[in-house]
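Below, each chain spelled out in residue letters.
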Amino acid sequence: MQANYTLAKDPLSLERIRSILNRLEDTIIFSLIERAQFAHNPKIYERGVFKELEALPFYGSWLEWFLKETEIFHGAPRPGSPLPDEYPFTAGLPDPIIPPSEYPPILYPNTVNVNASILSFYIRSIVPRITTQASLALASLKRSRGINGDDELEDDGNYGSAATVDVEVLQAISKRVHYGKFVSESKFRQDPAVFIPHIQSGDSERLAALITKPDVEHRLLIRLRKKAMLYAQDFASDGEPLPNCTTKGKIDVDCVVDLYESYIIPLTKEVEVEYLLQRLDGMSQEEIDKLANQKY
Ligand SMILES: C=C(O[C@@H]1C=C(C(=O)O)C=C[C@H]1O)C(=O)O
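Here goes a summary of the coordinates provided. Here the structure is a predicted model, which is why all the values come from computation and not from measurement.

### Side note on the overall build of the protein
Move 1: Across its full length, the protein carries 13 helices and zero strands.
Move 2: Secondary structure elements of the protein occur, N-terminal to C-terminal, as α-α-α-α-α-α-α-α-α-α-α-α-α.
Move 3: In terms of principal-axis extent, the alpha carbons of the protein reach across some 75 × 50 × 35 Å.
Move 4: For the protein, with 296 residues in total, the buried portion stands at 47%.
Move 5: Taking all contacts inside the protein whose residues are at least 6 apart in sequence as the whole, residues at least 24 apart take part in 75%.

Here is the structure:
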């Protein structure tokens, strides 16, 4: 995913960064709508289920294998890579065939990567909920044909399609959450002296309070619900929108809002704080004092 900050006049404008976060809402909602077409297919998230993978050899889940192969093919950056808006889910990736392009060093060097948390909440809390409608329809169809094995009722066999969409959703959520580093750098540069004492004392709570903007979050959740309701709307063959009383729409709107409220926003703020806690690493006290008096 080409970094879209390299050509920007002011890549750290908070307004510009927030517009990118706003646009990523659309990508995430539409990717979730695509995933909701398939049943839960829980076996693709369990390790040791697909013995064919162990012959490769690979000992992760079906989805972890899709993530690994996709990230190798895309030449995903590795820790310390100059491409600061994409982060790998897979550890120990080989060097990309084509060396990564050089990007202007906008972020301070850091090791923050929360993709393990993203993968965990996505598998445990998001996939089961957004695929409920498809899974229930499948279960009803299977029962009508006398198939009752519980582990099969949520399995439509679309393991490749489901995992392909899962990778798209995970990459979009990862980009959105890790854009918190750009937000954090932008806020830090607005007034370094406000942040520096709390970074030096390791006061995560105080830093979290400084970066939290409740009004921005409140407006985001209202906007997100309206977008999800609109994008999920079903239409009749003549193009007339089907009223919500006759159809549930393409996705569970409450689940989309909960994804942001309970997972994406808190994790973005965690990235902002963790990035700030590394913002002075390697600096001398003299450099920090100079920074405290600097206005970008
Ligand atoms: C991303 C920002 O920082 C925080 C995180 C937000 C989010 O994840 O949507 C929104 C506002 C802030 O609490 C911001 O200020 O825009």
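### A few points about the packing of helix α1 (residues 14–35) against helix α8 (residues 180–190)
Move 1: At their nearest, the axes of α1 and α8 sit 10 Å apart, and the two run at 165 degrees to each other. As judged from the angle between their axes, α1 and α8 are roughly antiparallel. Of the two possible hands of crossing, α1 and α8 adopt the one that is left-handed. Of α8, the residues touching α1 (which contributes Leu 14, Ile 17, Arg 18 and Leu 21) are Phe 182, Val 183, Ser 186, Lys 187 and Gln 190.
Move 2: Its residues assigned to classes, the contact of α1 with α8 comprises five nonpolar, two polar and two charged.

### Comments concerning the site of the ligand
Move 1: In the region of the ligand, 15 residues are neighbours, and Arg 18, Arg 176, Lys 187, Glu 217 and Glu 272 sit closest.
Move 2: For the ligand, an oxygen atom lies 2.6 Å from a polar atom in the side chain of Arg 18.
Move 3: Note that an oxygen atom of the ligand is positioned 2.8 Å from one of the backbone N or O atoms of Lys 213.
Move 4: When isolated, the ligand has an accessible area of 360 Å², and the protein chains bury 99% of it.
Move 5: Looking at the shell around the ligand, the elements that each hand over two or more residues are α1, α8, α11 (214–231) and α12 (253–277).
Move 6: The biggest single contributor to the shell around the ligand is α12, with four residues.

### Thoughts on the packing of aromatic side chains
Move 1: For the coordinates displayed, the defined rule picks out 10 aromatic pairs.
Move 2: Residues Trp 65 and Phe 66 carry aromatic rings whose centres are separated by 5.8 Å and whose planes lie at 85 degrees to one another, so their mutual orientation is edge-to-face.
Move 3: Using a relative accessible area of 22% as the deciding quantity, one classes Trp 65 as partly exposed.
Move 4: Owing to a relative accessible area of 18%, Phe 66 belongs among the buried residues under this scheme.

### A closer look at α11
Move 1: The terminal C-alpha atoms of α11 lie 26 Å apart, and with 18 residues this matches the ideal 26 Å at 1.5 Å per residue to within 8%.
Move 2: Looking at the buried positions of α11, the neighbouring elements they touch are α1, α7 (159–178) and α12.

### Focus: unusual backbone geometry
Move 1: That bond from Leu 56 to Pro 57 is cis: its omega, 5 degrees, falls within 30 degrees of zero.
Move 2: Mapped onto the elements, Pro 57 comes out in the loop between α2 (51–54) and α3 (62–73).
Move 3: With a phi close to 50 degrees, Asn 41 is a non-glycine residue in the positive phi region.
Move 4: Here Asn 41 lies in the loop between α1 and α2.

### A closer look at the side chain of Asn 41
Move 1: On the accessibility criterion, Asn 41 (0% relative accessible area) is buried.
Move 2: Setting aside anything within four residues of it in sequence, one finds Asn 41 in contact with Glu 154, Asp 155, Asp 156, Gly 157, Asn 158, Tyr 159 and Ala 162.

### Concerning the packing of α7 against α12
Move 1: The contact between α7 and α12 brings their axes to 8 Å, and the two run at 50 degrees. Classified by the angle between their axes, α7 and α12 sit oblique to one another. Each of Ile 173, Arg 176, Val 177 and His 178 in α7 lies in contact with α12, whose residues at this interface are Leu 259, Tyr 260, Ile 264, Leu 267, Thr 268 and Val 271.
Move 2: Here the residues of the contact of α7 with α12 sort into seven nonpolar, two polar and one charged.

### Some points on the pattern of salt bridges
Proximity of charged atoms lets side chains of opposite charge pair with each other.
Move 1: Going through the model one piece at a time under the given rule, you end up with 17 salt bridges.
Move 2: Here Glu 217 and Lys 269 are joined by a salt bridge, their closest N and O atoms 2.9 Å apart. Placement of the pair is Glu 217 in helix α11 and Lys 269 in helix α12, with a sequence separation of 52 residues.
Move 3: For Glu 217, a relative accessible area of 21% corresponds to the partly exposed category.
Move 4: Residues Asp 254 and Arg 225 are paired through a salt bridge, measuring 2.8 Å at the closest nitrogen-oxygen approach. On the criterion of sequence distance, the pair formed by Asp 254 in helix α12 and Arg 225 in helix α11 is long-range, its members being 29 residues apart.
Move 5: Asp 254 gets classed as partly exposed once you look at its relative accessible area, which sits at 43%.

Here is what the cut-offs are and how they apply
- Residues numbered from 1 in each chain as written.
- Predicted model: local features only at pLDDT ≥ 70, side-chain atom pairs only at ≥ 80, totals over all residues.
- Heavy atoms only, no water.
- Helix = DSSP H or I, 4+ residues; strand = E, 2+ residues; numbered from the N terminus.
- Buried < 20%, exposed > 50% of the residue type's maximum accessible area, 1.4 Å probe, protein only.
- Contact = heavy atoms within 4.5 Å.
- Axes fitted to C-alpha atoms, helices over the stretch in contact; angles between N-to-C directions.
- Parallel < 35°, antiparallel > 145°, perpendicular 65-115°, else oblique.
- Left-handed = near helix turned anticlockwise from the far one by under 90°.
- Nonpolar A, V, L, I, M, F, W, Y, C, P; charged D, E, K, R; others polar.
- Near = heavy atom within 4 Å.
- Polar contact = N/O pair within 3.5 Å; in protein donor to acceptor, adjacent residues only side chain to side chain.
- Areas by Shrake-Rupley, 256 points an atom, 1.4 Å probe, with all protein chains shown as cover.
- Phe/Tyr/Trp six-rings, centres within 6.5 Å; stacked < 30°, edge-to-face > 60°.
- Expected span 1.5 Å × (residues − 1).
- Salt bridge = Lys/Arg side-chain N within 4 Å of Asp/Glu carboxyl O.

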